[in-house]
Protein chains: 4
Amino acid sequence: MPASLKVGVIGLGRMGQLYTRLLATRITGVTLYAIAEIDTSARQRAVAEFSIPHACSEVEELLALPELDAVVIATPTSTHAELVKAAARAGKAIFCEKPLALTIEETQAVLDVVEQVQVPLQVGFMRRFDTAYQEAKALIAAGRIGEPVTFKAVSRDPFCPRREFSDPAKSGGLIMDMGIHDFDLARWLMGSEVERVTAEGTILVCKELAEVGDIDNAVVNLRFRNSALGNVEVSRNAFYGYDIRTEILGSEGALQIGRHQHTPLLLLTRAGAQHDVTPYLMERFGDAYHTQLQHFAQCLHDRVAPAVGGADALAACTIAVAATQAYQTGQRIDLAALAS
Amino acid sequence: MPASLKVGVIGLGRMGQLYTRLLATRITGVTLYAIAEIDTSARQRAVAEFSIPHACSEVEELLALPELDAVVIATPTSTHAELVKAAARAGKAIFCEKPLALTIEETQAVLDVVEQVQVPLQVGFMRRFDTAYQEAKALIAAGRIGEPVTFKAVSRDPFCPRREFSDPAKSGGLIMDMGIHDFDLARWLMGSEVERVTAEGTILVCKELAEVGDIDNAVVNLRFRNSALGNVEVSRNAFYGYDIRTEILGSEGALQIGRHQHTPLLLLTRAGAQHDVTPYLMERFGDAYHTQLQHFAQCLHDRVAPAVGGADALAACTIAVAATQAYQTGQRIDLAALAS
Amino acid sequence: MPASLKVGVIGLGRMGQLYTRLLATRITGVTLYAIAEIDTSARQRAVAEFSIPHACSEVEELLALPELDAVVIATPTSTHAELVKAAARAGKAIFCEKPLALTIEETQAVLDVVEQVQVPLQVGFMRRFDTAYQEAKALIAAGRIGEPVTFKAVSRDPFCPRREFSDPAKSGGLIMDMGIHDFDLARWLMGSEVERVTAEGTILVCKELAEVGDIDNAVVNLRFRNSALGNVEVSRNAFYGYDIRTEILGSEGALQIGRHQHTPLLLLTRAGAQHDVTPYLMERFGDAYHTQLQHFAQCLHDRVAPAVGGADALAACTIAVAATQAYQTGQRIDLAALAS
Amino acid sequence: MPASLKVGVIGLGRMGQLYTRLLATRITGVTLYAIAEIDTSARQRAVAEFSIPHACSEVEELLALPELDAVVIATPTSTHAELVKAAARAGKAIFCEKPLALTIEETQAVLDVVEQVQVPLQVGFMRRFDTAYQEAKALIAAGRIGEPVTFKAVSRDPFCPRREFSDPAKSGGLIMDMGIHDFDLARWLMGSEVERVTAEGTILVCKELAEVGDIDNAVVNLRFRNSALGNVEVSRNAFYGYDIRTEILGSEGALQIGRHQHTPLLLLTRAGAQHDVTPYLMERFGDAYHTQLQHFAQCLHDRVAPAVGGADALAACTIAVAATQAYQTGQRIDLAALAS
């Protein structure tokens, strides 16, 4: 990678801080050239730690930097669509946290703009870059489990969402918010598009979500175009830890990804054996966040499309919308009917 | 247990042979008093090995033995209903392999007869007697995982059914045949009845099942009356081994039952680590078969109703019928509509 | 196996009861023909349960039964040597619980008598018949881990010995009592004899053993004739459960046998994950006791020598004696010096 | 931590590069102020990547920088002693990779100089900073396993040492090179000093080590002053992966640290279940290297002595020397005799 790409980060929340640190210290072939953040102290802390040339309070200011090659969008979900469109129109390569938008229509509108101006776009489905999922994909491609038959996923968070993140109008609701990674993995690992879904949901633990019309647990059945099956379970109340497991049953074998033990320490007493569990997201997927950003930088250098683009965002969004409708109506939803 | 109960086994297939051996050698408080089996050589082998006083070729002959206290019915599923009714009318206590019958109507008809003559009836949901499930039930009752929120089950067999066992008219079809244990566990462990179901199914591996109108994989979503959720997956093509796992997510914790490693041997080479898997049903649940028969004997001695009776058989059958309909119609099925 | 062998059990303690039940109900090709036990009520209970033709209060009476083909000796260790010699002189085939005797000299004296009268002799090293160890032996023989380099063993009991079993004059002391199975496995799995040993021991938990001159923990280093290494750890104070693990590191891979989780149940709570451990010997090796007795019966039918004979007993005893001396003297002990 | 400490790295081999990157990007409260490395291109690569103010070809040049607060010594083992003494005399705080020196005398000489000039010294026993070992220490301190009774350690590398690293005069030989981390953990976790050792060693796989007089496998028995026991096994030929496990058996329970599965991916096929193993050191202990450097920086800021200092280096070195002698002579070695 000859010349270094100039990258700007938009938003310095939790994810923005992570991406800023990664770009400043661990991603090769890039220079952290600018940040845009409305909060002054957050902005100043980042500049002080990483000596960033351009610190902007407004996104427009950052997008107007003529030397800036690419942006990493890490703002709240509800702002993604407008920011991607603006960055695209400014001619910048774009990495955007998932999801692009919460509706099929809005996602399609974003893709239309990106298509028109032809800038690279990568969406933050970081699980695809996790070592275990990468190896799973390779084993499936090599035929080690025969033909994929059933996709199973569990995504459980160890806490109810804080009030400011609980509005389904902003989060997309439980199924969109927590299931979208699984819907993306489903398409990718099974090698087929989802054709139709059924779903059930409930609210039993995070009772405050009832006020905003959301639920805390759901199970979603999938059927793929190639007749394969799937089931995705999402939950807010795995208070024992962050629990992400994926399983692919094939015609000749199976793959399982995930484990409960976090550190390799086992305590044996008269009460039995005891070990810890994975406390947070970063403990499980820290390296994947690094790898996906490195992939983005490498694609820009190589002038090839990132492996996870706008069409993937649209497909996963469509499944999430369909599954939410299926739960709400009690009906089986054909995705073809939504995409029209 | 003062006097020994005289027990007869009806049918000497795989399960009948197992029950015969258990009654002859390991169940206390009983005497293996009679067998009924039409095949002469099978009958003679059993008599030779276990010195059984009465070896009958016809069931009627066995049921007519005045001293016989109880029967264990281990014949093909399609004969269960008539045999239970006959045994009940003969005044015998009854242990019957699951399921009692393949339809709600027929199951109800059996229960009506049993109710009328008031004989004890236990149905062979042996998983309830497995040490791990027993402990799981106790931990839930003790509140260790808070309120049960989601029930998950995987039941996978390591082979396609042989042709003589593949007729859905005799097996009840995939969901009934393989899911019925899970539907029973679901009710028992969650402490609530299933209210409605959705399901998806497919045939991708055991292609010969298409000829008889059956499928080889299915995923079934459950919703319980107390608003809890569930998902049951059944498959014929876990060629890596017999794979039974159950999971209960609660409001304060979770329980997982099942493991892949069969013997405690790990081989570590340059290719990674390797261990075996559970080859067959008996390797996983051998002890549970023993415990359930001992429970039956103990209940008869104590003159209390067995823990798993006819109402449990009816409830699990109803869920299986509803799930099969849900898959076939693509509709959500309310169980209340079926029970009418 | 045409005719049934007539077998007698000597001693109805814990092991004798187990062997009696196995011979009566699960070992094929044998008839439980006689028992010898001085305690009247224990004798009567066995006769009542299993309808045994000959119930003797004295061993001599049992050995004098002309039709008796074989004996299973399950009396206290200190009586083994005399009973084996008596049974041999009576021309009976012999299965004897380990160890044959507690000294090299006494063991050799037993072997001399057996050699002279040429009766079959099997010693109860039941771990060799465990499925996992059998598979380990086969994998080593197949070259899957290259040449065996280091043998590691852990044998831990979950309780201090009761006073009546704690006298080293009767048990042989900690290293003999608990290590002898490991010394036998070491020779068998490594395919080489032990040449020399060093050892350390201590008494820290079962303090009452100090009164009888025994210890509660020891670590023993082995060096084999083929230059391979080994380490055996034995402990009385694994109060978390019965913990038996064996490991063979080879030039191309490794094998590990053993696990902590007993039932496949995992409890996940805010406090972490928890599972049970193996409570007792029978939970881990129940099947191996069955298999070794079946092997004995089969060898008698086939007129071949059992796989685990007197020479194996002598070799394991010699290692145990050497290791105990090594601990007591602080010196490295060459086994050649002992065998003279 | 108000002002930033100026730190210099001496040596840019594998470990020096790691420490340079950590100091430049992840350790807070420090500035990477200088490097010393004789190789010009290595030096220039580091300067180019991390913008280091002072790049020296000679150590003397670096130690002469008046503003430099501390040094990190990451040169070959044989140079540690002289460099620590020189840095101490220059008044710099010192972090030195383990071991300080390969003999008791040389280590003592280093400590004498450090003692005289009173500079902070931390030695790179990074395992103490691993999350699992930290938690183990805390659980022992809290009495969760009662009194520690037996310490067990396995340290296995997945490759024979390359020729340039195989000279025992430079590495200290197998037991020193691979066991020193375990000897340090033994003292720390058991809370008692080692009193005496016995050992066995062999050369069976890395045959080229015979030319330089080293071995490839060893087992070392320990006895602590408080009568506790220990065993440490070291091996060069765990070709299946980097295998580090530690176990502490106590009077009331046990702790186990270590696992074989690296990524949480399980492949299930007809051949059984398969998963990967930990390929290299960094996959297992990457975070611990970070944490130990952060601890060093924090101690300097807080003006407290680092948790792992010169006395620890001397104690671990003494055990390693004793264990090597024990193997070579076949005698039990009392450490008191060596320390005189």
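The structure displayed is predicted, hence computed values, not measured ones.

Draft legend 1. Summary view of the pattern of salt bridges. In this structure the tally under the stated criterion is 84 salt bridges over all chains. Here A:Arg156 ties to A:Asp243 by a salt bridge, and the two come within 3.6 Å at their closest N and O atoms. Pair noted here: A:Arg156 is in strand E7 (residues 148-156) and A:Asp243 is in strand E11 (residues 243-250), with a separation of 87 residues, a long-range link. You'll find A:Arg156 and A:Asp243 in the same group, each marked buried. The closest approach of N and O atoms between B:Arg21 and B:Glu49, which form a salt bridge, is 2.8 Å. One end of the pair, B:Arg21, is in helix H1 (residues 14-25); the other, B:Glu49, is in helix H2 (residues 40-50), and 28 residues separate them in sequence. Judged by its relative accessible area of 36%, B:Arg21 falls in the partly exposed class. Overall, the relative accessible area of 43% leaves B:Glu49 in the partly exposed class. Linked by salt bridges that have partners in common, A:Lys152, A:Glu247, B:Arg156, B:Glu233, B:Asp243 and B:Arg245 make up one network.

Draft legend 2. The confidence of the model for chain A, seen in detail. Overall, the prediction assigns chain A a mean pLDDT of 95, with 99% of residues at 70 or greater. Overall fold confidence (pTM) sits at 0.93, and the ipTM for the predicted complex is 0.93.

Draft legend 3. Expanded view of helix H2 (residues 40-50) of chain D. All names here are of chain D. Within H2, the full set of buried residues consists of Ala42, Arg43, Ala46 and Phe50. All buried residues of H2 fall inside an arc of 100° around its axis, so they share one side. H2 presents Gln44, Arg45 and Ala48 as exposed residues on the side facing more than 90 degrees away from its buried surface. Against helix H1 (14-25), strand E2 (30-36) and strand E3 (54-56) lie the buried residues of H2. Where H2 terminates, the next one or two residues include Ser51, which has phi positive at roughly 50°.

Draft legend 4. Region of interest: the interface of chain D and chain C. Counting residues at the interface gives 46 residues for chain D and 46 residues for chain C. Taken over both partners, the interface formed by chain D and chain C buries close to 3400 Å², and the fraction arising from carbon and sulfur atoms is 52%. Counting the surface chain D buries against chain C, the share from its top three residues, D:Glu200, D:Leu229 and D:Leu249, is 17%. In this assembly, chain D and chain C are joined by 10 salt bridges. The shortest N-O distance in the salt bridge between D:Arg196 and C:Glu200 comes to 2.7 Å.

Draft legend 5. The environment of C:Arg223, seen in detail. Counting through the fold element by element, C:Arg223 comes out in strand E9 (residues 217-224). Judged by relative accessible area, C:Arg223 falls into the buried class, the value being 14%. C:Arg223 sits 214 residues away from C:Val9 along the chain, and the two C-alpha atoms are 38 Å apart. Setting aside chain neighbours within four positions, we find C:Arg223 in contact with C:Val194, C:Glu195, C:Arg196, C:Ala228, C:Leu229, D:Glu200, D:Gly201 and D:Thr202. At 2.5 Å, the side chain of C:Arg223 and the backbone oxygen of D:Gly201 are in polar contact.

Draft legend 6. Region of interest: the packing of aromatic side chains. Residue and element names in this part refer to chain A. Counted by the stated rule, this structure contains 20 aromatic pairs over all chains. For the pair Tyr19 and Tyr289, a centre-to-centre distance of 6.3 Å together with 65° between the ring planes defines the contact as edge-to-face. With Tyr19 in helix H1 (residues 14-25) and Tyr289 in helix H9 (residues 281-302), this pair connects stretches of sequence that are 270 residues apart. Over the ring of Phe285 we find Arg284; its NZ or CZ atom is 4.3 Å from the centre of that ring.

Draft legend 7. A look at the pairing of strand E13 (residues 265-269) of chain C. The buried fraction of E13(C) amounts to 5 of the 5 residues, a majority that puts the element mostly inside the structure. Neither face of E13(C) is open: one carries C:Leu265, C:Leu267 and C:Thr269, the other C:Leu266 and C:Leu268, and all of them are buried. Strand direction decides the pairing type here: strand E12 (residues 253-257) of chain B and E13(C), joined by 5 bridges, are antiparallel. Counted as the bridge partner of B:Leu255 is C:Leu267 from E13(C). Inspection of the sheet shows E13(C) paired to strand E14 (residues 272-275) of chain C by 3 bridges, in the antiparallel sense. What sits directly across from C:Thr269, in E14(C), is C:Gly272.

What counts and what doesn't
- Residues numbered from 1 in each chain as written.
- Chains lettered and ligands numbered in written order.
- Predicted model: local features only at pLDDT ≥ 70, side-chain atom pairs only at ≥ 80, totals over all residues.
- Heavy atoms only, no water.
- Salt bridge = Lys/Arg side-chain N within 4 Å of Asp/Glu carboxyl O.
- Helix = DSSP H or I, 4+ residues; strand = E, 2+ residues; numbered from the N terminus.
- Buried < 20%, exposed > 50% of the residue type's maximum accessible area, 1.4 Å probe, protein only.
- pLDDT = per-residue confidence, 0-100.
- Arc of directions from axis to C-beta.
- Contact = heavy atoms within 4.5 Å.
- Buried area = accessible area lost by both parts, 1.4 Å probe.
- Polar contact = N/O pair within 3.5 Å; in protein donor to acceptor, adjacent residues only side chain to side chain.
- Phe/Tyr/Trp six-rings, centres within 6.5 Å; stacked < 30°, edge-to-face > 60°.
- Lys NZ or Arg CZ within 6 Å of the ring centre and 35° of its normal.
- Pairing = 2+ DSSP bridges.

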